[in-house]
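This is what each chain is made of:
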Amino acid sequence: MASLRYGRAVSTSSEPVVSGVTVCGHRCHDAWVVVQFARVAVLGAGVAEEHLHRRAAIAGVAALTGTHADRIEQALPLYQGRHEYLVEIADGWRRAATEAALVSPDALTGRRITLKQFYGPDFDATTGILHERSTYELDNDFGQRGIVAALLYPPYGIKPDRAGYRDERELLIDVITDVICAPDITTPIWHWTGDWCRYFDAGNDWWGAAAWTLRVGPDEILTAAASSTD
């Protein structure tokens, strides 16, 4: 069995070993994108691909939960000592990150999806065409809407220019090429419902919550997670 902690795991048997987590895609945050990304180094010779993705989802979301505490703590000097309540909030996110890391892989509900399902109806990976927003009816169901909808339609819209992009399409192409490593139809991809730890609470309140994992290297799986509200 693997003993998981924020950003690291130690294996005591033949279970998958998460040897490290690296949060990435920081430029997206500057553009007000709420999808977050973490690269998870996971080892497990002979272990089923789905089980590796479950472990990567848990470790990745735990690390992303911890980034909420990081951002609060980085801002504390701006409050010149009047920040007791912010310290409490940051501590709460630290506890939530620890709890997320200890979630059982069996607690996750998910399914393997195709590249087309991963992107959703708003983007054609074959032609590179970004379509007009196709529908508003399923906006909070990212299992149907795909990651492109989560990237481009957060609660208050995105601001590509704040991150140095000309427009939303340039931002999207940058994410596809540099963050998720241009997956193809052979790439193992899973979609996970956002209901198994506190990271997803805000999104379940209104906008939506979801997570995806996809293979980006022989021993590396990328976790993408989204959760936000107004």
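Residues numbered from 1 in each chain as written. Predicted model: local features only at pLDDT ≥ 70, side-chain atom pairs only at ≥ 80, totals over all residues. Heavy atoms only, no water.

**Quick look at the overall build of the protein**
Right, on to step 1. Per the secondary structure count, the protein includes seven helices and ten strands.
Right, on to step 2. Among the 230 residues that make up the protein, the fraction classed as buried is 50%.
Right, on to step 3. Long-range contacts, defined here as pairs at least 24 residues apart, represent 67% of the contacts in the protein between residues at least 6 apart. (Helix = DSSP H or I, 4+ residues; strand = E, 2+ residues; numbered from the N terminus. Buried < 20%, exposed > 50% of the residue type's maximum accessible area, 1.4 Å probe, protein only. Contact = heavy atoms within 4.5 Å.)

**Things to note about the nonpolar core**
Right, on to step 1. Residues Phe37, Phe118, Ile147 and Ile180 are the most contacted members of the largest nonpolar core, which totals 39 residues.
Right, on to step 2. Going through the elements one at a time, helix H4 (115–119), helix H5 (142–152), helix H6 (168–179), strand E9 (208–217) and strand E10 (220–228) are the ones with two or more residues in this core.
Right, on to step 3. When residues in this core are grouped by element, the largest group, seven residues, is from H5.
Right, on to step 4. Counting 28 residues, the second largest nonpolar core, distinct from the first, contains Val18, Val40, Ala63 and Leu108. (Core = buried A, V, L, I, M, F, W, Y, C linked by side-chain atoms within 4.5 Å.)

**Some remarks on the sheet that holds E9**
Sheets are built from strands paired through backbone hydrogen bonds, the pairs being either parallel or antiparallel.
Right, on to step 1. Overall, antiparallel pairing links the six strands, which are arranged E3-E4-E10-E9-E8-E5 in an open sheet. At either margin of the open sheet sits one strand with a lone partner, and together these are strand E3 (17–24) and strand E5 (110–112). Taken over all neighbouring pairs, the strand axes of this sheet differ in orientation by 20 degrees on average, direction set aside.
Right, on to step 2. In this sheet, E10 lies alongside E9 in antiparallel orientation, the contact comprising nine bridges. By the bridge assignment for E10, Thr213 is matched with Thr223.
Right, on to step 3. In the packing of helix H2 (residues 49–75) onto the sheet, contacts are made with E3, strand E4 (36–43), strand E8 (189–193), E9 and E10, and the angle to E4 comes to roughly 135 degrees.
Right, on to step 4. The strands touched by H5 are E4, E5, E8, E9 and E10; relative to E9, the strand with the most contacts, the crossing angle is about 75 degrees. (Pairing = 2+ DSSP bridges. Axes fitted to C-alpha atoms, helices over the stretch in contact; angles between N-to-C directions.)

**Comments concerning H6**
Right, on to step 1. Spanning twelve residues, H6 covers 15 Å between terminal C-alpha atoms, matching the ideal 16 Å at 1.5 Å per step.
Right, on to step 2. For H6, the N-terminal cap is Asp167; the gap from its side-chain oxygen to the backbone nitrogen of Arg169 is 3.2 Å.
Right, on to step 3. Just beyond H6, the residue with positive phi is Cys181, at close to 60 degrees. (Expected span 1.5 Å × (residues − 1). Polar contact = N/O pair within 3.5 Å; in protein donor to acceptor, adjacent residues only side chain to side chain.)

**With respect to the packing of aromatic side chains**
Note on aromatic pairs: each is described by the distance of the centres and the angle between the planes.
Right, on to step 1. Under the defined criterion, the tally for this structure stands at six aromatic pairs.
Right, on to step 2. With a centroid separation of 5.4 Å and 45 degrees between ring planes, the pair formed by Phe118 and Tyr119 is classed as tilted. With respect to class, Phe118 is no different from Tyr119; both count as buried.
Right, on to step 3. Summarising the aromatic geometry, the rings of Phe118 and Trp212 are spaced 6.4 Å apart at their centres and angled 80 degrees between planes, so their arrangement reads as edge-to-face. (Phe/Tyr/Trp six-rings, centres within 6.5 Å; stacked < 30°, edge-to-face > 60°.)

**Brief notes about unusual backbone geometry**
Most peptide bonds adopt trans geometry, and most residues besides glycine take a negative phi value.
Right, on to step 1. In this model, Trp32 sits at a positive phi of 70 degrees, which is unusual for a non-glycine residue.
Right, on to step 2. Considering the arrangement of structural elements, one finds Trp32 in the loop between helix H1 (26–30) and E4.
Right, on to step 3. Judged by its relative accessible area of 37%, Trp32 is partly exposed.
Right, on to step 4. One non-glycine residue with positive phi stands out, namely Cys181, at about 60 degrees.
Right, on to step 5. Tracing the backbone through its elements, the reader meets Cys181 in the loop between H6 and E8.
Right, on to step 6. The partly exposed category is assigned to Cys181, whose relative accessible area is 32%.

**Description of the pattern of salt bridges**
Pairing of side chains with opposite charge becomes possible as their charged atoms draw close.
Right, on to step 1. Throughout the structure, instances matching the rule amount to nine salt bridges.
Right, on to step 2. Between Asp174 and Arg27 there is a salt bridge; the shortest N-O distance is 3.9 Å. With a gap of 147 residues between them, Asp174 in helix H6 and Arg27 in helix H1 connect regions that are remote in the sequence.
Right, on to step 3. Note on Asp174: relative accessible area 19%, which makes it buried.
Right, on to step 4. As a salt-bridge pair, Glu73 and Arg94 come within 2.9 Å of each other at their nearest N and O atoms. Of the two residues, Glu73 is situated in helix H2 and Arg94 in helix H3 (residues 84–101); the sequence distance between them amounts to 21 residues.
Right, on to step 5. On the accessibility criterion, Glu73 (33% relative accessible area) is partly exposed.
Right, on to step 6. Each of the salt bridges in this network shares a partner with another, and the network as a whole consists of Asp70, Glu73 and Arg94. (Salt bridge = Lys/Arg side-chain N within 4 Å of Asp/Glu carboxyl O.)

Keep in mind that these numbers describe shape and distance, not what the molecule does.
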